[in-house]
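# Structure at a glance
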2 protein chains.
Amino acid sequence: MNIVLLSGGSGKRLWPLSNDVRSKQFIKIFKTENGEYESMLQRVYRQICHVDHSAQITIATSKSQVSAIHNQLGEQIGISVEPCRKDTFPAIALATAYLHYIQGIGLDESVVVCPVDPYVEMDYFKYLKRLGELAQTEDVNLFLMGIEPSYPSEKYGYIIPEDQEDISWVKNFKEKPDMETARQYIKRGALWNSGVFAYKLRYVLDKVQKMLPFIDYDDLFSKYDELPRISFDYAVVEQEKKVKAVRFNGQWKDLGTWNTLTEAMDGPYFGDAILGGKCKNVNIVNELDVPVLCMGLSNVIVSASPEGILVSDKGESSYIKPYVENIQQQIMYAEKSWGSFRVLDVEEESLTIKVTLRPGNRMNYHSHKRRNEAWVILSGRGRTIVEGMEQQVKAGDVIAVEAGCRHTVIADTELKIMEVQLGREISVHDKQKYALDR
Amino acid sequence: MNIVLLSGGSGKRLWPLSNDVRSKQFIKIFKTENGEYESMLQRVYRQICHVDHSAQITIATSKSQVSAIHNQLGEQIGISVEPCRKDTFPAIALATAYLHYIQGIGLDESVVVCPVDPYVEMDYFKYLKRLGELAQTEDVNLFLMGIEPSYPSEKYGYIIPEDQEDISWVKNFKEKPDMETARQYIKRGALWNSGVFAYKLRYVLDKVQKMLPFIDYDDLFSKYDELPRISFDYAVVEQEKKVKAVRFNGQWKDLGTWNTLTEAMDGPYFGDAILGGKCKNVNIVNELDVPVLCMGLSNVIVSASPEGILVSDKGESSYIKPYVENIQQQIMYAEKSWGSFRVLDVEEESLTIKVTLRPGNRMNYHSHKRRNEAWVILSGRGRTIVEGMEQQVKAGDVIAVEAGCRHTVIADTELKIMEVQLGREISVHDKQKYALDR
């Protein structure tokens, strides 16, 4: 099957683990069978590959997530990058153009579009595969996957089907209803809208052409800003008559808030944590390397990361967004395509960061106008290039880089570096990149 | 007045702010009139000086606290250092010998001994001064200060006085009673034992001579290990017939647990903190430079420091000790006589610490057998001495020190340094000190 995973979201609801550059789908919090931890993205990717070895997977996302995706899934994964953040219709339109014009998938082939963050079992992906097959073979413009509701919820949109068969025509849609209305919908066989769509490429590309004529992927990419800021549900699904829904009654969790995320955790805590006496229904997610001790708490989530610390009543945690939007803060941790960095110390005229480069990777060859840098190699082996001069480096070596000097470091093994930036105007924008001729 | 402040305690009850090297009396958490923060020790010291400009203040403490005391009160403060940790009788005995043999205070002069950690107003110290005067002039061996109980408590020892006058003979003492007994004591005019004693030097030195004959301070110091591990209350107070108590009815708080400490806080939080919706009776004490966000909590204390994070129901927080005793952890922050250090990163073969030297101070001249070190100067000006060679340093300078090299750094202004230690066996014990001939 062709599958597009929509990887969006600024992830403020799962602060401090998620932030502007680190969305919830990248947090490694799910224990695998071999005892290691994987992220939502890695989990979904693994599940799709397990169900369909030949699946053609494309991630539709924004520029800010590209490094993290490469970091977690490798360099080979197909990524359709939005030039700017819009809504799901433009993102799906661009990804569909990417499949056809870049990856060469035929206009009559089908694609399944799916959010990257459902917490589900393998059977879910078998349904996705079937959805793709149905979209390919049947004379139906759009297939949706509806989730059999486990309780009346005000959080979801509802699909009202014509009947209660496994596959049925869709009568109409209802946006997030109040609790009583949700109850009535469910009585009439309504389904939660999971945000999964399957269609033939031609179907969506024709819609886009009508809205904004374009020649190919590059042309659509350059015009992206002109596409309306509108959801796929509103722009396409709700206007379509020939739409069918497949009923899914397996496990499905939307891990959008701390409350729902903790339900999917393997145990009460992750990381260095101590649950003291009289704690009931407490979850601790600790990414720091010092312990979190909880005593005498009930229904509380505690999460600590380099960005900050959240302590919240579980129910209350869904109202986190406005508080986090008011936090003005430097990014303290980020995953990049070449590895990761963590800010350890911020002073007025210095910034100390720990850089971890994965084997075989390197930073851009670059220089800074307004700061000096000092590197102390903590572990591993590699090579630095400063003003064209290459030098072997190993643990204990110290490299001083003056402002204006072009420099990079290449990791031969995993390489950990303490980088101290020094200057009056330290800024991420003070960076000139150069080609490295070698 | 002559006053001895007993500065003891490992401070596990106020973890993560206190630990083995940082007792609660050093935590800067009390807002002064000019908006700065001071510690219990600094507060008490300031209050004593305010009440009695000519007070002769001596701190009785263990070796591990000497650096922190100098850091907070300066180099001039008198400190009587116990060679090893015992109990209050040996500590008071040694401090009394220190006053007589080192500071030259006469045998018939009085001294007031007081714990360093009561949270009190100025009037308390006026009472202490009066206690000293009474001990000096009256034919009474021992004066105590009893606190008028504000409620029946199982936490304190009780002084049972002969009558309910302001100053009265003491009938006897009762150790921590149960609640019902405490109620009966209070009906009969009993007082909480505040741990304050006033006596003439001769009185205590005679007691010590009877127990363990000694010649002078140095002799007692060298025999300190032979003194019994016994409290002053048990060894002296409870055996004494000629003892009077002064009744104090002002504000007095024993800030031994998070619950009582938060009551003395100036506001609901200290440091970078956000109290979100529906929080009731929540206190946040955050020493980290990232925010703590609390939502929907009641009666909770949250404390975050470089050592760890505590989230506890306030009542439950008094039971913290056994949990903290089980935490095996490197010291992450410490105040030294020359400044402070904070551990920022721990790897298998490297340790990165941020060192802050106060102006005019320096580290010992020392070397390490099994590790190299790299210093990056973050801010300030000073001089390094490596193998006898002195060199001016400023922000941005990098100094590499090989294993075996003698080295130190002297701060001309406040000097901040990122120190990276590198080696297979990094240990605080790998340190040889040398005299610095200059």
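Rules used throughout
- Residues numbered from 1 in each chain as written.
- Chains lettered and ligands numbered in written order.
- Predicted model: local features only at pLDDT ≥ 70, side-chain atom pairs only at ≥ 80, totals over all residues.
- Heavy atoms only, no water.
- 1 Å grid on protein atoms, 1.4 Å probe; cavity = no way out; pocket = protein on both sides within 12 Å on 5 of 7 lines; lining within 4 Å.
- Points joined across faces, edges and corners; volume = space filled by probe spheres on them.
- Helix = DSSP H or I, 4+ residues; strand = E, 2+ residues; numbered from the N terminus.
- Nonpolar A, V, L, I, M, F, W, Y, C, P; charged D, E, K, R; others polar.
- Buried < 20%, exposed > 50% of the residue type's maximum accessible area, 1.4 Å probe, protein only.
- Contact = heavy atoms within 4.5 Å.
- Axes fitted to C-alpha atoms, helices over the stretch in contact; angles between N-to-C directions.
- Parallel < 35°, antiparallel > 145°, perpendicular 65-115°, else oblique.
- Left-handed = near helix turned anticlockwise from the far one by under 90°.
- Buried area = accessible area lost by both parts, 1.4 Å probe.
- Salt bridge = Lys/Arg side-chain N within 4 Å of Asp/Glu carboxyl O.
- Polar contact = N/O pair within 3.5 Å; in protein donor to acceptor, adjacent residues only side chain to side chain.
- Pairing = 2+ DSSP bridges.
- Core = buried A, V, L, I, M, F, W, Y, C linked by side-chain atoms within 4.5 Å.
- Least-squares fit on C-alpha atoms with pLDDT ≥ 70 in both.

Residues and elements named next belong to chain A. As a volume, the second largest pocket reaches approximately 1,600 Å³. In terms of lining, the second largest pocket is formed by 42 residues, of which the most central are K24, T88, D117, K176 and D254. Looking at the lining of the second largest pocket, the element that brings in the most residues is strand β11 (residues 191-200), giving four residues. Of the residues belonging to the lining of the second largest pocket, the class tally is 10 nonpolar, 17 polar and 15 charged.

Attention shifts here to helix α6 (residues 201-211) of chain A. Taken as a whole, α6 of chain A has its buried residues at L201, Y203, V204, L205 and V208 of chain A. Contact partners of the buried residues in α6 of chain A: α3 (88-102), β6 (110-115), β8 (142-147), β11, α7 (217-222) and α8 (232-235) of chain A.

Time to look at the environment of G423 of chain B. Residues and elements named next belong to chain B. Its location among the elements puts G423 in the loop between β29 (415-422) and β30 (432-434). When its relative accessible area of 15% is taken as the criterion, G423 is described as buried. Taking the C-alpha atoms as reference, G423 lies 47 Å from F232; in sequence the two are 191 residues apart. Those residues in contact with G423, other than ones at most four positions away along the chain, are E348, E349, S350 and R370.

Bringing the packing of helix α1 (residues 40-51) of chain A against helix α4 (residues 122-137) of chain A into the picture now. Residue and element names in this part refer to chain A. Direction vectors running N to C along α1 and α4 enclose 60°, while the axes themselves pass 9 Å from each other. Taken together, the axes of α1 and α4 lie oblique to each other. In this structure, α1 crosses over α4, and the sense of that crossing is right-handed. Of α4, the residues touching α1 (which contributes V44, R46, Q47, I48, H50 and V51) are M122, F125, K126 and K129. By residue class, the composition of the contact of α1 with α4 is five nonpolar, two polar and three charged.

So, about the interface of chain A and chain B. Chain A puts 50 residues into the contact, and the matching count from chain B is 50 residues. Interface area, chain A with chain B, both sides summed: about 4,100 Å², of which 70% is carbon and sulfur. For the pair chain A and chain B, the interface holds eight salt bridges. Here K354 of chain A makes a salt bridge to D345 of chain B, at a shortest N to O gap of 2.8 Å. Linking chain A with chain B are 17 residue pairs in polar contact (both at pLDDT 80 or more). Elements represented by at least two residues in the side of chain A that touches chain B include exactly β17 (292-295), β18 (300-305), β19 (308-313), α10 (321-325), β21 (339-347), β22 (350-357), β24 (372-379) and β29 (415-422) of chain A. Grouping the amino acids of the side of chain A that touches chain B by side-chain chemistry returns 32 nonpolar, 10 polar and eight charged. Judged from the four bridges that link them, β19 of chain A and strand β17 (residues 292-295) of chain B form a sheet pairing that is parallel.

Membership of the largest hydrophobic core comes to 65 residues, with the highest contact counts inside it found for V311 and L357 of chain A together with V311 and L357 of chain B. Filtering out sequence-adjacent residues up to four positions away, L357 of chain A remains in contact with W338, R362, M363, V409, A411, T413, E414, L415 and I417 of chain A. Among the nonpolar cores identified, the runner-up in size contains 44 residues, and A55, I59, I77 and V81 of chain B belong to it.

Below, the discussion takes up the relation of the copies chain A and chain B. When chain A is fitted onto chain B, the two copies agree to an RMSD of 0.1 Å after a turn of 179° and an axial shift of 0.0 Å. Put plainly, the chains are arranged around a two-fold axis. Ranked by how close their C-alpha atoms come to the rotation axis, the residues of chain A are headed by L344 of chain A, at 3.2 Å. A share of 100% of interface residues in chain A that are also interface residues in chain B marks the association as one of identical surfaces.

This part covers the sheet that holds β29 of chain A. Residue and element names in this part refer to chain A. If you trace the six strands from one edge of the open sheet to the other, you get β20-β21-β22-β29-β24-β27, paired in antiparallel fashion. Strands with a single pairing partner mark the edges of an open sheet, and in this sheet they are β20 (333-336) and β27 (398-401). Between one strand axis and the next, the sheet turns through 20° on average, direction left out of account. Packing of helix α2 (residues 66-73) onto the sheet brings it into contact with β20 and β21, and relative to β20 it is tilted by some 65°.

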